[in-house]
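# Survey of secondary and tertiary structure
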2 protein chains.
Amino acid sequence: MSTGLSIGQVAERTGLSVHALRFYEREGLLADPVRREPNGRRVYTEDDVDWLAMCIRFRSSGMPLDTIRKYTDLVRQGPGNEQDRLALLRSHQDRVTAQIQELNECLNVITHKVDLYQQRLAEGTADCLWAAPSTPTDTSAAF
Amino acid sequence: MSTGLSIGQVAERTGLSVHALRFYEREGLLADPVRREPNGRRVYTEDDVDWLAMCIRFRSSGMPLDTIRKYTDLVRQGPGNEQDRLALLRSHQDRVTAQIQELNECLNVITHKVDLYQQRLAEGTADCLWAAPSTPTDTSAAF
DNA sequence: GCTTGACCTAGACAGCGCTCCAGCTCCTAG
DNA sequence: CTAGGAGCTGGAGCGCTGTCTAGGTCAAGC
């Protein structure tokens, strides 16, 4: 077990700002209350960092802080509510899966447009100066 | 060429609210200005709907309205700036790709946790009443 | 003793993307 | 004639997620 970490160190490790760290704590996103030095300064443990890393994962996959707090509450309550935790995780899992699919569809559209423009630029090699292409080969919806 | 569409019809087709449609217009996200009936009501074309569908794809893949507006401006300016459009699309493409990857990583983490909980619940079949597992097999960071 | 820098709190503010409201005009049906 | 419904405008408000400010404490170093 290493020495405790200051808020600055945790900010550096997690990539969160010190502001955000305090904010997260106020919002009840930390599994157990952060210890304090006698002078009131926060002392984080490695576990806190791990927990925060997980929160960041949740956040960056679109889980609202509110839901993270709910999960945190469940964990804080201790064993006995595994079903609830599982349900929460599963529903997030579904959302993320759906989101990935959605993004893939978007990516296809975008890639298609990118290809079109590349093609177009490749044809009109010199800065693309024609006025009106005789054959509007662009079958894609909109430009 | 079909008849024009009312804002309500477009809302229905695109899934955007009429509020959002007016908002998008104010924000300059439409390639060409929406025609109006003599009484001031908006008349949309199929092209508008197509364009909006594209905007929705952009949005739902995380492109800020501001960037969509920039792209719209480029298109509105007509031919000659294909490089710029391409650059914009490419950089968005990159972001989406990165986002998908990020989400996949998150999904892995979540799936791992889901599996853990499922396992745990499967073991302690009857409502999971043990107090302390002798072997803390949970090597994952945090609960 | 003084400065510097990290930290503390409570609370105001910001950016984004809508969403809704008030108060109005039209058109159509009954 | 009236009511209902769709549309119009300008502007206020909101939910989320921070970010920043103001005003202060504390410890170390010159």
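Below is a summary of the structure that appears in this document. Everything quoted here is computed from the prediction, not taken from an experiment.

## Description of the overall build of chain A
Assigned secondary structure in chain A consists of five helices and two strands. Mapped in sequence order, the helices and strands of chain A form the string α-α-β-β-α-α-α. In chain A, buried positions account for 38% of the 143 residues. When contacts within chain A are restricted to residue pairs at least 6 apart in sequence, those whose partners lie at least 24 apart make up 49%.

## Concerning the relation of the copies chain A and chain B
Mapping one chain copy onto the other needs a rotation about an axis and a shift along that axis. The transform that puts chain A on chain B rotates by 180 degrees and translates by 0.0 Å along the axis, for an RMSD of 0.2 Å. Such a turn and shift between the copies fits a two-fold axis. Taking C-alpha positions as the reference, the residue of chain A nearest the rotation axis is A:Ile100, at 3.1 Å.

## Points about the protein's contact with DNA strand C
What surrounds DNA strand C is a group of 16 residues, the closest being A:Ser6, A:Gly8, A:Arg22, A:Arg41 and A:Arg42. Taking A:Arg22, its side chain carries an N or O atom lying 2.6 Å from a phosphate oxygen of DNA strand C. Residue B:Tyr24 places a side-chain N or O atom 3.0 Å away from a phosphate oxygen belonging to DNA strand C. Of all the secondary-structure elements, those providing two or more residues to the surface near DNA strand C are helix H1 (7-14) of chain A together with helix H2 (18-26) of chain B. Looking at which element gives the most residues to the surface near DNA strand C, the answer is H2(B), with three residues. Considered class by class, the residues forming the surface near DNA strand C number five nonpolar, five polar and six charged.

## Comments concerning the pattern of salt bridges
Using the criterion set out here, one finds 18 salt bridges over all chains in the structure. Here B:Arg36 and B:Glu25 are joined by a salt bridge, their closest N and O atoms 3.2 Å apart. With B:Arg36 in strand S1 (residues 35-36) and B:Glu25 in helix H2, the pair connects residues that are eleven residues apart, well separated along the chain. With relative accessibility at 19%, the residue B:Glu25 sits in the buried group. When salt bridges with common partners are traced through the structure, they connect A:Glu27, A:Asp66, A:Arg69 and A:Lys70 into a single cluster.

## Let's talk about the interface of chain A and chain B
Every contact between the two is made by 43 residues of chain A and, on the other side, 42 residues of chain B. When chain A packs against chain B, close to 4100 Å² is buried across both sides, 70% of that on carbon and sulfur atoms. Considering only the surface of chain A that becomes buried against chain B, A:Arg57, A:Leu103 and A:Tyr117 emerge as the three largest contributors, covering 15% of it. Where chain A meets chain B, there are four salt bridges. Among the salt bridges present, the one from B:Glu105 reaches A:Arg57, with a minimum N-O distance of 3.2 Å. Across the contact surface, chain A and chain B share eight residue pairs in polar contact (both at pLDDT 80 or more).

## Thoughts on the packing of aromatic side chains
Residue and element names in this part refer to chain A. Applying the stated criterion across every chain yields a total of six aromatic pairs over all chains. Centroid distance Trp 51 to Tyr 71: 6.2 Å. Interplanar angle 10 degrees. Geometry classified as stacked. With Trp 51 in helix H3 (residues 46-60) and Tyr 71 in helix H4 (residues 65-77), this residue pair connects regions lying 20 residues apart in the sequence. Of the residues examined, Tyr 71 reaches a relative accessible area of 0% and is grouped as buried.

## Here we look at the protein's contact with DNA strand D
In the region of DNA strand D, 16 residues are neighbours, and A:Tyr24, B:Gly8, B:Arg22, B:Arg41 and B:Arg42 sit closest. A:Tyr24 is positioned with one of its side-chain polar atoms (N or O) 2.9 Å from a phosphate oxygen of DNA strand D. B:Arg41 is positioned such that a nitrogen or oxygen atom in its side chain is 2.9 Å from a base nitrogen of DNA strand D. Counting residues per element, the ones that place at least two in the surface near DNA strand D are helix H2 (18-26) of chain A together with helix H1 (7-14) of chain B. Among the elements that take part in the surface near DNA strand D, H2(A) stands out by supplying three residues, more than any other.

Calculation criteria
- Residues numbered from 1 in each chain as written.
- Chains lettered and ligands numbered in written order.
- Predicted model: local features only at pLDDT ≥ 70, side-chain atom pairs only at ≥ 80, totals over all residues.
- Heavy atoms only, no water.
- Helix = DSSP H or I, 4+ residues; strand = E, 2+ residues; numbered from the N terminus.
- Buried < 20%, exposed > 50% of the residue type's maximum accessible area, 1.4 Å probe, protein only.
- Contact = heavy atoms within 4.5 Å.
- Least-squares fit on C-alpha atoms with pLDDT ≥ 70 in both.
- Near = heavy atom within 4 Å.
- Polar contact = N/O pair within 3.5 Å; in protein donor to acceptor, adjacent residues only side chain to side chain.
- Nonpolar A, V, L, I, M, F, W, Y, C, P; charged D, E, K, R; others polar.
- Salt bridge = Lys/Arg side-chain N within 4 Å of Asp/Glu carboxyl O.
- Buried area = accessible area lost by both parts, 1.4 Å probe.
- Phe/Tyr/Trp six-rings, centres within 6.5 Å; stacked < 30°, edge-to-face > 60°.

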